[in-house]
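Per-entry structural report
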Amino acid sequence: MPTCLVFGCANFYGRALTQLLCNERQGGLGWEIRGVDKVLPQLASFPAPVLALYSMIDYRMGNLRCADFLAQAFVRDDGKEWDYVFNFAAELKFGQSDHVYDQDVRQVSATIAQLASKHAVGVLVQLSTALVFSSSSGSNTAATEESAVGGATVLARCHADAEASALQAGVAAVVVLRPALCYGPGDRQNAVPMLIMAQLSRHDATPMPVLWAKDLRISTVHVADVAAAALAAARWQKERLGSSVFNVADAGDTTNARLAQAVGALFGVEPSFQNVAVNFIAKRLDSADLAEEVN
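Summary of the structure given here. All values reported here derive from a predicted model rather than from experimental measurement.

**Things to note about the nonpolar core**
If you look at soluble globular proteins, the nonpolar side chains tend to sit buried side by side. Formed by 39 residues in total, the largest nonpolar core has its most connected members in Tyr13, Leu21, Phe86, Phe88, Val125 and Leu177. Of the residues forming this core, the biggest block, 7 residues, is contributed by helix H7 (residues 223-238). Dropping the residues within four chain positions of it, Leu177 is found in contact with Val125, Gln126, Leu127, Ser128, Thr129, Val226, Ala229, Ala230, Ala233, Phe246 and Val248. In terms of nonpolar packing, the next biggest core, distinct from the first, is built from 21 residues, Val36, Val108, Val121 and Val174 among them.

**Some details on the pattern of salt bridges**
Tallied over the full model, the rule gives 11 salt bridges. When the shortest N-O distance is used, the salt bridge between Arg235 and Glu24 registers 2.6 Å. Of the two residues, Arg235 is situated in helix H7 and Glu24 in helix H1 (residues 12-26); the sequence distance between them amounts to 211 residues. Where Glu163 meets Arg178, a salt bridge forms, and the shortest distance between an N and an O atom there is 2.8 Å. Of this pair, Glu163 sits in helix H5 (residues 154-168) while Arg178 sits in strand E6 (residues 173-179), and the two are 15 residues apart along the sequence. Among the charged side chains, a salt-bridge network with shared partners connects Glu32, Arg76 and Asp78.

About the cut-offs
Residues numbered from 1 in each chain as written. Predicted model: local features only at pLDDT ≥ 70, side-chain atom pairs only at ≥ 80, totals over all residues. Heavy atoms only, no water. Core = buried A, V, L, I, M, F, W, Y, C linked by side-chain atoms within 4.5 Å. Buried < 20%, exposed > 50% of the residue type's maximum accessible area, 1.4 Å probe, protein only. Helix = DSSP H or I, 4+ residues; strand = E, 2+ residues; numbered from the N terminus. Contact = heavy atoms within 4.5 Å. Salt bridge = Lys/Arg side-chain N within 4 Å of Asp/Glu carboxyl O.

Next up, the structure:
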């Protein structure tokens, strides 16, 4: 029976992975699943069918910043080690403070990686983000797994450090995943803001305002595909050992205009792309200052 430990199992990505693992178990594969997160599933706004899945797994709630809690999550009653450990817990929300990113991305990921090495787990999967790519590589240029990382924000730099922690921890097999703009059930910050703008524009009978240039490439991926990629890559890496880094995106080669037009058609509104001056202000202000200015 394969064993799986999922940190961040109640967030956007962890929910998709938990559903995938539970579906496989119901299909005959005897997964032993332990989920770890900082919130109760009952408070995570899950629909009833999804919430029911969390009663089928060994769920642990606690403070992910606490090293002792993370260490205890690795301990199994039979004394054996985990076949697969997925770190989906690193913070991905925008607009948090530098201190939050340092604790909830860099430090949490480093602790999990160290514990995975100590417990000799089979595979460690570190969920990162496509934001890690350095802006010097060109904002409209396709990035490969070998492209320079570093990023222009604290969030991106902390995820780059988290990747390094996973790759250098000494775990026998490590996978780093960098998903593109992700959408799907449970999304609150990726594609959903544009959907909200479209609904507001429909209500006010006004064009939908859209930031950035029409031809800006915005790679996308469904959250279910990210979960499937994580599990497939973990199985693949377990047979080969070593480490691998994968960018995760669909083949759509989506642009800002195509995305805005698709959303606009869904809500019956026309997108209105902002001028250079507005985009410049949005780029220069951080998210907190930008929200204050808009308000």
